[in-house]
Amino acid sequence: MTSKTLPNHEVKDLKLAKTGLSRIKWAKQDMQVLNLIEGRFAKELPFKGIRISICAHVTTETAVLGLALKAGGADTLLIASNPLSTQDDVASALVSEYGIPVYAIKGEDIPMYKSHIDIALNHNPHLIIDDGCDLVATLANTTTAGTCKVIGSTEETTTGITRLKAMHQDGKLYFPAMAVNNALTKHMFDNRYGTGQSTIDGVIRATNRLIAGKTAVIVGYGWCGRGCAMRARGLGANVVVCEVDPIKALEAFMEGFRVMPLDEASKIGDLFITVTGNKHVIDKNHFESMKDGSIVCNSGHFDVELNLVSLENIAKSKCEVKPNVDEFTLSNGNKIYVLAQGRLVNLSCAEGHPASVMDMSFANQALALEYLVKNNGKLKPGVLNLPNQIDVEIASLKLASLGVSIDTLTPEMVDYMNSWTVGT
Ligand code: ADE
């Protein structure tokens, strides 16, 4: 593509496109389910005449999703869902190699982040892909929200779904929003194995510290917390879990992790990872009781889990000791290291989840969008789950792509499962 035909964009440097292109191709190799969907979309063109605004982490995997939607006929525009997660080479390649408008620069400030949201809304989308609900929430606050032409949206995260439900309760959700995160082939794999691996990857890339023998405190034992705890243990950490839900806490305990309140864990941890989706989970009193040299980071969607304002207030000094590592020195002389300014450590310090799990997440995204188009006019505003058939189809395709075959029920077994007369 020559520079004359480039779409409008705001990216760091188009000269990075060559690296971005080969990295996108590398990710694509490990996204076989999405590739199959792309092949079908190219024949059937389900998105012909449809504008899609995507607000997501601008990564190699998101690029592969964007290409699948483009192959399906969509007029697609991409912006970042987090100021620190953009892979600048990927953004450039999407613009200059694939002609997709992208507005995203790693490290963009909040005014620029918001200006990109406005650009995505001015694209006048029929469909929205959201990761954290910033696009849909901003749209809901515009005066034209009630009359917009949006067919529906899809939401990638637990946090975004919580926000969508709150919006719906306030009468502010004007179209169906598909809860992609609720699909089993999304959260059981992406949230657990994806967050588990990429979070530890981010901690290691930022600090290069040994995990073995350290006490790792995982705050929150949802699917992401399960993944982080499992992978930290795999590297030899003594894992402590902090949780507010008794059932999840019990599960963590029976999984063999130590479970205790954060007030206690804050005194013994070497590494703290928050994955709760909540606010100020690690607070002033916790920072005050931490050991010298503690490393603290967050892998939940928003940068609100660590109360960094309180940490700044109690710190005598703060300096960046290496990229993505800020050292806070407290008045008692203890040093606390915060990674990636409390933003998603896995996407800020590493490359996010590997392609093989994003394959299933983004297959869900692609099929949820197709479902919205096929059922245009039939679905009510609100938060909807994807049909179970989509989950089963994605799991079956993934297994096939991995070369794994499984058993099927015999007719006798089917009959037995549908009967109630046989007993003791
Ligand atoms: N969320 C977590 N990891 C991701 C990735 N690699 N691409 C897009 N979104 C993500």
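Anything mentioned here points back to the structure above.
The following refers to the structure shown. Nothing here was measured: the structure is a model prediction, and the numbers come from that model.

## Overview of helix H7 (residues 158–169)
- Compared with the 16 Å implied by 1.5 Å per residue over twelve residues, the 17 Å span of H7 between its first and last C-alpha is a close match.
- Within H7 the residues assigned to the buried category are Thr-159, Gly-160, Ile-161, Leu-164 and Met-167.
- Close packing links the buried residues of H7 with helix H6 (134–140), strand E5 (152–155), strand E6 (176–179) and strand E15 (382–384).

## With respect to the site of the ligand
- Surveying the vicinity of the ligand reveals the residues His-57, Thr-59, Glu-61, Thr-62, Leu-347, Glu-351, Gly-352, His-353, Met-358 and Phe-362.
- Here a nitrogen atom of the ligand and a side-chain polar atom of Thr-59 are 2.7 Å apart.
- Here a nitrogen atom of the ligand and a backbone polar atom of His-353 are 2.8 Å apart.
- When isolated, the ligand has an accessible area of 260 Å², and the protein chains bury 95% of it.
- Within the residue set of the shell around the ligand, elements represented by two or more residues are helix H3 (60–71) and helix H15 (355–374).
- Broken down by class, the residue content of the shell around the ligand amounts to three nonpolar, five polar and two charged.

## Quick word on the environment of Asp-89
- Note that Asp-89 resides in helix H4 (residues 88–96).
- The class for Asp-89 is buried, based on a relative accessible area of 13%.
- Sequence separation of Asp-89 and Asp-13 is 76 residues, and the distance between their C-alpha atoms is 7.7 Å.
- Apart from the residues within four sequence positions on either side, Asp-89 is in contact with Leu-16, Ala-17, Thr-19, Gly-20 and Arg-23.

## Description of the pairing of strand E12 (residues 315–322)
- By the bridge criterion, six bridges tie E12 to strand E13 (residues 325–330) in an arrangement that is antiparallel. By the bridge assignment, Lys-322 is partnered in E13 with Val-325.
- Where E12 folds back onto E13 in an antiparallel hairpin, the turn is made up of two residues, including Asn-324, whose phi is positive at roughly 70°.

## Some points on the environment of Glu-412
- Counting through the fold element by element, Glu-412 comes out in helix H17 (residues 411–417).
- In sequence terms Glu-412 and Leu-16 are 396 residues apart; their C-alpha atoms lie 60 Å from each other.

## Here's the deal with the packing of aromatic side chains
- Enumeration according to the criterion identifies three aromatic pairs in this entry.
- Ring plane angle 85° and centroid distance 5.2 Å describe the contact between Phe-41 and Phe-47, whose orientation is recorded as edge-to-face. Accessibility classification places Phe-41 together with Phe-47 in one group, the buried group.
- A ring pair is formed by Phe-189 and Tyr-193, whose centres lie 6.1 Å apart and whose planes are at 45°; its orientation type is tilted. Taken as a pair, Phe-189 and Tyr-193 lie in helix H8 (residues 184–207) at a separation of four residues, close to a single helical turn.

## Brief notes about the sheet that holds strand E3 (residues 102–103)
- Pairing is parallel across the open sheet formed by seven strands, whose spatial order is E3-E2-E1-E4-E5-E6-E15. Whereas interior strands pair on both sides, the edge strands pair on one side only; in this sheet they are E3 and E15.
- Pairing analysis gives four bridges linking strand E1 (residues 51–56) to strand E4 (residues 127–130), with the strands arranged parallel. Bridged to Ser-53 within E4 is Ile-128.
- Packing of H7 onto the sheet brings it into contact with E5, E6 and E15, and relative to E15 it is tilted by some 145°.

## Some words on the nonpolar core
- Counting 52 residues, the largest nonpolar core has Phe-47, Ile-52, Leu-69, Leu-94 and Val-102 as the members making the most contacts within it.
- If one sorts the elements of this core by residue count, H15 sits on top with ten residues.
- Those residues in contact with Val-102 that sit more than four places away from it in its chain are Asn-8, His-9, Glu-10, Val-11, Val-58, Leu-78, Ala-91, Leu-94 and Val-95.
- Listed in part, the 27 residues of the second largest apolar core include Ile-200, Val-239, Val-275 and Cys-349.

## A closer look at the packing of H8 against H15
- Two numbers describe how H8 lies on H15: the axes approach to 9 Å, and their chain directions differ by 150°. The handedness of the crossing between H8 and H15 comes out as left-handed. Along the contact surface, H8 presents Thr-185, Lys-186, Phe-189, Asp-190, Tyr-193 and Gly-194, while H15 presents Val-357, Met-358, Met-360, Ser-361 and Asn-364.
- Across the contact of H8 with H15, the residue classes tally to five nonpolar, four polar and two charged.

## As for the sheet that holds strand E9 (residues 258–259)
- The strand order E9-E8-E7-E10-E11-E14-E13-E12 describes an open sheet built from eight strands, whose pairing is mixed. Each of the sheet's edge strands pairs with one partner strand only, and the pair in question is E9 and E12.
- Across the face of the sheet, H8 comes into contact with strand E10 (271–274), strand E11 (294–298), E12, E13 and strand E14 (335–339) while running at roughly 135° to E10.

## Considerations on the state of the cysteines
- Inspection of the entire model under this criterion finds zero disulfides.
- Free cysteine: Cys-228, not disulfide-bonded; nearest cysteine sulfur from Cys-224 at 6.8 Å.
- Overall, the relative accessible area of 0% leaves Cys-228 in the buried class.
- Note on Cys-242: no disulfide assigned, nearest cysteine sulfur contributed by Cys-228 at a separation of 13 Å.

## Considering the pairing of E14
- Buried residues dominate E14, accounting for four of its five residues.
- By the bridge criterion, three bridges tie E11 to E14 in an arrangement that is parallel. Bridge pairing in E14 places Val-296 opposite Val-338.
- Pairing of E13 with E14, which is carried by five bridges, proceeds in the antiparallel orientation. From the neighbouring strand, Glu-327 faces E14, where its bridge partner is Tyr-337.
- A loop of four residues connects E13 with E14, the two strands running antiparallel in sequence, and Gly-333 in this loop sits at a positive phi of about 90°.

Reading guide: rules and limits
- Residues numbered from 1 in each chain as written.
- Predicted model: local features only at pLDDT ≥ 70, side-chain atom pairs only at ≥ 80, totals over all residues.
- Heavy atoms only, no water.
- Helix = DSSP H or I, 4+ residues; strand = E, 2+ residues; numbered from the N terminus.
- Expected span 1.5 Å × (residues − 1).
- Buried < 20%, exposed > 50% of the residue type's maximum accessible area, 1.4 Å probe, protein only.
- Contact = heavy atoms within 4.5 Å.
- Near = heavy atom within 4 Å.
- Polar contact = N/O pair within 3.5 Å; in protein donor to acceptor, adjacent residues only side chain to side chain.
- Areas by Shrake-Rupley, 256 points an atom, 1.4 Å probe, with all protein chains shown as cover.
- Nonpolar A, V, L, I, M, F, W, Y, C, P; charged D, E, K, R; others polar.
- Pairing = 2+ DSSP bridges.
- Phe/Tyr/Trp six-rings, centres within 6.5 Å; stacked < 30°, edge-to-face > 60°.
- Axes fitted to C-alpha atoms, helices over the stretch in contact; angles between N-to-C directions.
- Core = buried A, V, L, I, M, F, W, Y, C linked by side-chain atoms within 4.5 Å.
- Left-handed = near helix turned anticlockwise from the far one by under 90°.
- Disulfide = S-S within 2.5 Å.

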